[in-house]
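Here is what each chain is made of, one letter per residue.
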Amino acid sequence: MFKADLCKLCGDCLVKCQWMEADKAQAVDWMKAMTSGQQTPVLSQCITCFACNEYCPQKANPFDLIAALQEKYDVFASKEAARLQEAAYAFNKPLTGYPTAPRIMSTCVFDKTHPHLMQGEIYDLPRASGKPYFCWMLFGHWGIESIQRDHAREMVDRLAMTGAEEIVCFHDDCYAMLATLAPGYGIDVPFRPVHLSEHLVMHLRNNRHRIKPLNIDIAYQRPCASHYTPEKEHFLDELFQLAGVRRVSRTYDRVDAMCCASIMLLLGNGDPVPYQEKNVLDSRRNGAQAMVCLCPGCMDGMAAVAAANRMPVIFLGDLARMALGEIEVPSLDDGAG
Ligand code: SF4
Ligand code: SF4
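On a predicted model such as this, the values are computed, not experimentally measured, just so you know.

Looking only at helices and strands, the protein features 16 helices and 8 strands. Relative to the compact-globule value of 20 Å for 337 residues, the protein shows a C-alpha radius of gyration of 20 Å, a close match. Across the 337 residues of the protein, 57% fall into the buried class. Here the contacts in the protein between residues at least 6 apart in sequence split such that 72% fall between residues at least 24 apart.

Here it is as structure tokens:
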């Protein structure tokens, strides 16, 4: 939720935004207008990357204000289209056949769409997968945040039915929902959400004797949802260190990470390719031999531009499997240039 009492109307969130041109005076004007509930060009230029919530030094959550206005003014989706999409994703039957174990993995909808990314011993734990456990963050990305909020409790309650004490989230969005958004909506989460990077770190720590350091330089493609959960970043760094890879320092990483931009196609507010090229070239310029993605959506969205620029894209979990010798490292160049 936007915290108007914390906002100093400094405009820094919009000045820093990578997806619109706003100088300080313009940004302040737009923020003043939006805090009064008015429509501004920000609403349609925003690609819903969540970054400004992390940029704001006051922790006022400016994206939450933008999202509320995007919905109020039907910027990306009409109310009718939103409800049709909501119906398509909803699960309205009694839940049966759910796993019961102290530790399970929630794979959201990726069991069906990306089964190749969850193979091997790392994923050998009971799974909660499919529509009943959908995290609904797609709707926050689509400018209709109320649908995300309305369904948050059912996601938490269904996962809680497993009785698990710890739930490993395959997808960064699910982790953001369970670790930050649901508690922010006042929902009690009666289990510990475990980020995939933490799960991978624990597995590598327990199998340290089997690791063959990969000795490669990589660019990390930090996904949008990570702006909600920056506190887990140390697990990424430890994972890279355990796998023997170096995370290159570059313009678009950590708090300044650039969204994969695929969402622009859904929102209809621009061409993602020039942004993806900037992102890949930033990786190349800083010596990366591959881009490592945590989000399968980033992998898919960046694939064509990365291939055109001879930049292999590796899933984070696959990096751990490569370090354990479970799967081959793709062919890499020396990262120069
Ligand atoms: S939301 Fe934060 S960064 Fe944006 S104007 Fe308010 S205080 Fe400044
Ligand atoms: S969510 Fe992203 S694109 Fe939208 S205003 Fe904030 S930083 Fe800019």
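Now that the structure is up, let's keep going.
Below, the discussion takes up the sheet that holds strand β8 (residues 313-315). Taken together, 4 strands build an open sheet; the order of strands is β6-β5-β7-β8 and the sheet is parallel. The sheet is open, and its two edges are formed by β6 (245-247) and β8, each paired on a single side. Between one strand axis and the next, the sheet turns through 40° on average, direction left out of account. When strand β5 (residues 216-221) meets β6, the two strands line up parallel, connected through 3 bridges. Bridging across to β6, I218 finds its partner in R247. Here helix α16 (residues 316-323) sits on the sheet in contact with β6, β7 (290-293) and β8, set at roughly 85° to β8.

This part takes up the nonpolar core. Counting residues in hydrophobic clusters, the biggest one holds 124 residues, and the most contacted among them are L14, W19, M34, I66, M137, F170 and F240. If one sorts the elements of this core by residue count, helix α10 (residues 172-184) sits on top with 7 residues.

Read across the open sheet, the 4 strands follow the order β2-β1-β3-β4; overall the sheet is parallel. Each of the sheet's edge strands pairs with one partner strand only, and the pair in question is β2 (127-129) and β4 (192-195). Taken over all neighbouring pairs, the strand axes of this sheet differ in orientation by 30° on average, direction set aside. Inspection of the sheet shows strand β1 (residues 103-108) paired to β2 by 3 bridges, in the parallel sense.

Our next topic: the environment of I211. Here I211 shows up in the loop between α11 (196-206) and β5. Exposure remark for I211: the relative accessible area of 14% places this residue in the buried category. For the pair I211 and L324, spaced 113 residues apart in sequence, the C-alpha to C-alpha distance is 4.9 Å.

A few words on the side chain of E86. Looking at the secondary structure, you find E86 in helix α6 (residues 79-89). Engagement of the side chain of E86 in a polar contact is seen with the side chain of R83, the distance being 2.5 Å. Those residues in contact with E86 that lie beyond four places of it in its chain are W136, F139, I147 and H151.

Moving on, we get to the pairing of β4. Where strand β3 (residues 166-169) meets β4, 4 bridges bridge the pair, whose relative direction is parallel. Note that in β4 the partner of I167 across the bridge is P193. In the classification by handedness, the crossover that spans β3, the intervening α10 and the parallel β4 is right-handed.

Looking now at the side chain of R158. With respect to the element layout, R158 can be found in helix α9 (residues 145-160). In this structure, R158 is in contact with F91, L95, P132 and Y133, ignoring residues within four places of it in sequence.

A few words now on the site of ligand 2. Close to ligand 2 lie C17, W19, M20, C46, I47, T48, C49, F50, A51, C52, F63 and I66. For the shell around ligand 2, the secondary-structure elements that each account for two or more residues are α4 (51-55) and α5 (62-72). Its residues assigned to classes, the shell around ligand 2 shows 11 nonpolar, 1 polar and no charged.

On to the pairing of β3. By the bridge criterion, 4 bridges tie β1 to β3 in an arrangement that is parallel. The partner of M105 across the bridge, within β3, is V168.

Next up on the list: the environment of G268. As for its placement among the helices and strands, G268 is situated in the loop between α13 (263-267) and α14 (273-285). The class for G268 is exposed, based on a relative accessible area of 63%. Sequence spacing of G268 and E326 is 58 residues, and the spatial spacing of their C-alpha atoms is 40 Å.

By domain assignment, the protein separates into domain 1 (12-72), domain 2 (103-195) and domain 3 (207-323). Just the C-alpha atoms count here: the centres of domain 2 and domain 3 sit 22 Å apart. The interface is formed by 22 residues belonging to domain 2 together with 22 residues belonging to domain 3. Overall, the association of domain 2 and domain 3 removes approximately 1800 Å² of surface from exposure, summing both partners, and the carbon and sulfur fraction of that is 67%. Per-residue buried area on domain 2 facing domain 3 is highest for L117, H141 and D172; these three make up 27% of the total on that side. Joining domain 2 to domain 3, the criterion identifies 2 salt bridges. Summed over the shared surface of domain 2 and domain 3, the number is 6 residue pairs in polar contact (both at pLDDT 80 or more). When residues of the side of domain 2 that touches domain 3 are traced back to their parent elements, those giving at least two are α8 (137-141) and α10.

Basis of the calculations
- Residues numbered from 1 in each chain as written.
- Chains lettered and ligands numbered in written order.
- Predicted model: local features only at pLDDT ≥ 70, side-chain atom pairs only at ≥ 80, totals over all residues.
- Heavy atoms only, no water.
- Helix = DSSP H or I, 4+ residues; strand = E, 2+ residues; numbered from the N terminus.
- Rg over C-alpha atoms; globule rule 2.2 N^0.38 Å.
- Buried < 20%, exposed > 50% of the residue type's maximum accessible area, 1.4 Å probe, protein only.
- Contact = heavy atoms within 4.5 Å.
- Pairing = 2+ DSSP bridges.
- Axes fitted to C-alpha atoms, helices over the stretch in contact; angles between N-to-C directions.
- Core = buried A, V, L, I, M, F, W, Y, C linked by side-chain atoms within 4.5 Å.
- Polar contact = N/O pair within 3.5 Å; in protein donor to acceptor, adjacent residues only side chain to side chain.
- Right-handed = clockwise from strand over helix to strand, strands pointing away.
- Near = heavy atom within 4 Å.
- Nonpolar A, V, L, I, M, F, W, Y, C, P; charged D, E, K, R; others polar.
- Domains from an automatic or database assignment.
- Buried area = accessible area lost by both parts, 1.4 Å probe.
- Salt bridge = Lys/Arg side-chain N within 4 Å of Asp/Glu carboxyl O.

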